[in-house]
Amino acid sequence: MIAIPKTLEDALRDRFVVPFVGAGVSMAALDRNGKRVFPSWGDLLLGAAARLREDGKRPEANVVEGLLEKRAPDYYEAARHAREGMGPGWYRYLRQVLDPPGNRIDTGSLSLARAVWQLPSRLVITTNYDQILRYALDDPNDLVQISVDATAELSAMLRDEIDRPTVWHLHGFIQQPQRLILTPDGYRELYPSQEDEVRYQAALQALRHLLAARTFLFVGFSLDDAMFGNQIAWVQEAFGGAAGPHYMLVKARELRDTQRRLRDLSCIEFLTFEDFGDPLVTLVHALGTAGNREPTTSPPLAAGAPLPAARLEVATAPSRAPAAPLPFLADKEIVPPVTRVVHRGLLAEATTAPPHAAATPRCSEAAAGDGGVDMALVRQSYRLVYQYQRRVFDRLAELSDALASIGLAFERWDPSQFARHAKSTSEFFRRKYWAWDFLPAYRLQLVWQSSASTSRSVVLEVVPDTGFTRSGGGEPDPARFVDAKAAGSELQISLMRSSVRNLPWNQIWSSLSGQEDTIYDGNDHELDAGGRPCIYRYLRVDLGAALDKQVFSERVIAPIRAWLDG
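Procedures and definitions
- For every chain, the first residue of its written sequence is number 1, and the numbers climb from 1 along that sequence.
- Owing to the predicted nature of the model, reporting of local features is limited to residues with pLDDT of at least 70; listing and counting of side-chain atom pairs is limited to 80 or more, with chain, interface and lining totals taken over all residues.
- Excluded from the side-chain calculation are hydrogens and water; included are all heavy atoms of the structure.
- Helix numbering and strand numbering both begin at the N terminus, where a helix is a DSSP run of H or I of at least 4 residues and a strand a DSSP run of E of at least 2.
- Here's how the labels work: a residue is buried when its accessible area is under 20% of the maximum for its type, exposed when over 50%, partly exposed in between, all with a 1.4 Å probe on protein chains only.
- We call two residues in contact when some of their heavy atoms are within 4.5 Å.
- A 1.4 Å probe and the Shrake-Rupley method give the accessible areas. Residues count as covered only by the protein chains that appear here.
- Every axis in this analysis is a line fitted to C-alpha atoms, fitted for helices over the stretch in contact. Angles between the N-to-C directions lie between 0 and 180 degrees.
- Oblique is the label for any angle not under 35 degrees, not over 145, and not in the 65 to 115 range, which are roughly parallel, roughly antiparallel and roughly perpendicular in turn.
- Whether a crossing is left-handed or right-handed is set by the direction in which the near helix is turned from the far one by less than a right angle, anticlockwise for left-handed and clockwise for right-handed.
- All amino acids are sorted into three groups, where Ala, Val, Leu, Ile, Met, Phe, Trp, Tyr, Cys and Pro are nonpolar, Asp, Glu, Lys and Arg are charged, and the leftover types, Gly among them, are polar.
- Each residue after the first adds 1.5 Å to the expected span of a helix.
- Here a polar contact is recorded for every N or O atom pair within 3.5 Å, except that within protein the pair must consist of a potential hydrogen donor and a potential acceptor, and residues adjacent in sequence are included only if both atoms are side-chain atoms.
- The salt bridge criterion pairs a side-chain nitrogen of Lys or Arg with a carboxyl oxygen of Asp or Glu, the two atoms within 4 Å.
- The term nonpolar core refers to a set of buried residues drawn from Ala, Val, Leu, Ile, Met, Phe, Trp, Tyr and Cys, joined through side-chain atoms within 4.5 Å.
- The patches described consist of residues with a relative accessible area above 30% and no salt bridge, like charges being joined within 9 Å and nonpolar side chains (Val, Leu, Ile, Met, Phe, Trp, Tyr) within 5 Å.
- The criterion for an aromatic pair is that two Phe, Tyr or Trp rings (for Trp, the six-membered ring) have centres within 6.5 Å, with stacked assigned to planes under 30 degrees apart, edge-to-face to planes over 60 apart and tilted to the rest.
- Over a ring means this: the NZ of a Lys or the CZ of an Arg is within 6 Å of the ring centre and within 35 degrees of the ring normal.

Student: Whenever I open this one, the overall build of the protein confuses me. Can you help?
Tutor: Along the backbone of the protein there are 19 helices and 15 strands. The burial tally for the protein puts 49% of its 566 residues in the buried class. Taking the contacts inside the protein whose residues are at least 6 apart along the sequence as the reference set, 73% of them involve residues at least 24 apart. Total accessible area on the protein stands at roughly 26600 Å², and carbon and sulfur atoms take up 50% of it.

Set out below in structure tokens:
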């Protein structure tokens, strides 16, 4: 079974993910003899050089071939010289190579392109010029194609007015060969430098808007197009690193090289697959299934039970900020399994006080249905929940201020046992969605990180109800939970520190989660993370008691600060 990062899974379900298809999807298409139908960049231009040579234009052919033989081939300049040398024949050549008859393609080789259409998005963006995404549809005539300069269509796209399968050909498509962005002059008109005139202003703004507001999923796209990569970098800088994350599917053996090549694009995270063909198709299918199924939530963590280990290798380009040890944050690099070395002393007894039952309103616990509901109890419950949440949030603000004073910045929060709300244009009241997901602050995870010389991480989980239970993949039914008076309420706190910067905390966390006898006991653990030392401790604090400001300061803030400075 393929596990998917929660942030990506939520984005898929919320229809926030935009597939971005590159040449790898087209190059998967084969003819009936098992040969590739569409050429690579290099093959396309080598074919142009051969055509020039056949036409008696040997000097022009030599220039194109010379540009392709460089250690770092200059495809854009090679394309420019090929176009100039071939004249009107350039466009005929492109149509011949990039627009073959559909019946030439073996339909069995379209599995990757078809898997892309199973992702929960009617919009697909591509830099490909061919029609592979059209051929992959059950009804090719239903496809809408948007060119780079289709301003009205781009405006409708940004307003989410897409109701049919739609492909935005960012660099044009072969049915309009004169408008293809294939040579340096076309690239400068779409991705201008400061001195260049922006010809495709609407397209550039639409691209930047989507990069900032949506999650891109790069399929068969290597991101080796420097001009496109500059747009990601621009958005990353303009939005202070808040855009994304975006995800790129990459072969496992190419992960390290890709991380180094894209090290400046910290908003790109990586999902690995073993090889092209079935492994890649299986991964894309899994992403589509995750995005189209009803939301599910994680089973409860029993008192003292370890968090589940991650089952999918997820990595990001190296970043200056350390990764957070949570399932929804990706690792910065891959490390060997963590090895326990030695235990250390306990914190004060006050920090591990046994949980007791949280105060609850006296009401009958009835499953949601069509029967009568005592609305006075509903009103009372909402008022109690507000008072509880206000006090929790105030305590969290105090903790955040205290951590900021010692150099830890708030990283992010995430719900643990419910999905984020549906976006504003969704009919959230349909049974496809869960009423459960609209419960306020039922269970939250919060992360603080330090980028100082001593790398430190705090993860706090607010667990107001340890009685959460659910069987199967359906909506949780509170009537079946452990009795409210028998359940507990607690803060679960994970502390990590190391003298090594930028440790991949999430990878370390995954390795730790299997060591049940040492991780959740309130002890210090000295860990060997691939030769890089770090210390870890996990604490529980009774949430009911910690709502009091003085108790919170004594049992939460003071011990955390003391431990982090230790």
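Still to come is the rest of the account.
Student: Please explain the packing of helix 15 (residues 375–404) against helix 19 (residues 549–564) as it appears in this structure.
Tutor: For any two helices packed against each other, one specifies the inter-axial angle together with the distance between the axes. Helix 19 packs onto helix 15 with a crossing angle of 30° between their chain directions and a minimal axis gap of 10 Å. Judged on the interaxial angle alone, helix 19 and helix 15 are roughly parallel. Judged by the twist between their axes, the crossing of helix 15 over helix 19 is right-handed. Between helix 15 and helix 19, the residues in contact are Arg395, Glu398, Leu399, Ala402 and Leu403 and Lys549, Phe552, Ile557, Ile560, Arg561 and Leu564, respectively. In the contact of helix 15 with helix 19, the residues fall into seven nonpolar, no polar and four charged.

Student: Explain helix 15 here, please?
Tutor: The terminal C-alpha atoms of helix 15 lie 43 Å apart, and with 30 residues this matches the ideal 44 Å at 1.5 Å per residue to within 8%. Tyr388, Gln389, Val392, Arg395, Leu396, Leu399, Ala402 and Leu403 are the residues of helix 15 that are buried. In the core, the buried residues of helix 15 are packed alongside strand 10 (408–415), strand 11 (444–450), strand 12 (455–463), helix 18 (543–546) and helix 19. Capping the start of helix 15 is the job of one residue whose side-chain oxygen sits 3.0 Å from the backbone nitrogen of Ala376: Asp374.

Student: Is there a simple way to think about the pattern of salt bridges in this case?
Tutor: One side chain can pair with another of opposite charge once the charged atoms of both are near each other. Tallied over the full model, the rule gives 18 salt bridges. Residue Asp257 is joined to Arg260 by a salt bridge in which the shortest nitrogen-to-oxygen separation is 2.4 Å. Of this pair, Asp257 and Arg260 both sit in helix 13 (residues 255–261), three residues apart, which is roughly one turn of the helix. The network of salt bridges with shared partners includes Glu77, Arg80 and Glu84.

Student: Mind showing me how you'd approach the nonpolar core here?
Tutor: Of all hydrophobic cores here, the largest spans 37 residues; its most connected members are Leu8, Trp117, Leu217, Val219, Leu249, Val284 and Leu287. Looking at this core element by element, the count peaks at six residues for helix 14 (residues 278–292). In contact with Val284, other than residues within four places in its own chain, are Leu112, Ala115, Val116, Leu119, Val219 and Leu249.

Student: Which parts of the structure should I look at to understand unusual backbone geometry?
Tutor: Among all residues save glycine, negative phi is the norm, and among peptide bonds the norm is trans. With a phi angle near 60°, Arg15 is a residue other than glycine that sits in the positive phi range. In this fold, Arg15 is placed in the loop between helix 1 (6–13) and strand 1 (17–21).

Student: Which parts of the structure should I look at to understand the environment of Arg80?
Tutor: Summarising the element assignment, Arg80 is placed in helix 5 (residues 75–86). A relative accessible area of 25% places Arg80 in the partly exposed class. Spatially, the C-alpha atoms of Arg80 and Val64 are 8.8 Å apart, while their sequence positions differ by 16 residues.

Student: Can you help me understand a nonpolar patch on the surface in this one?
Tutor: Together, Phe428, Phe429 and Phe438 line one region of the surface with nonpolar side chains, adding up to about 320 Å² of accessible area. Assignment of secondary structure puts Phe438 in the loop between strand 10 and strand 11.

Student: Just to check I follow, could you spell out the packing of aromatic side chains for this structure?
Tutor: The way to describe two aromatic rings as a pair is by their centre distance and the angle between their planes. Scanning the model with the defined rule gives 15 aromatic pairs in all. Look at Trp436 and Phe468: their rings are 5.6 Å apart centre to centre, the planes differ by 55°, and that puts the pair in the tilted class. Note that Trp436 is positioned in the loop between strand 10 and strand 11 and Phe468 in the loop between strand 12 and strand 13 (490–498), a separation of 32 residues in sequence. Judged on exposure class, the residue Trp436 and its partner Phe468 are both buried. Exposure remark for Phe468: the relative accessible area of 0% places this residue in the buried category. An aromatic cluster of three or more residues is present, and its members are Phe20, Phe216, Phe218 and Phe221. Here Arg214 stacks its cationic end above the ring of Phe16, 5.7 Å away from the centre of that ring.

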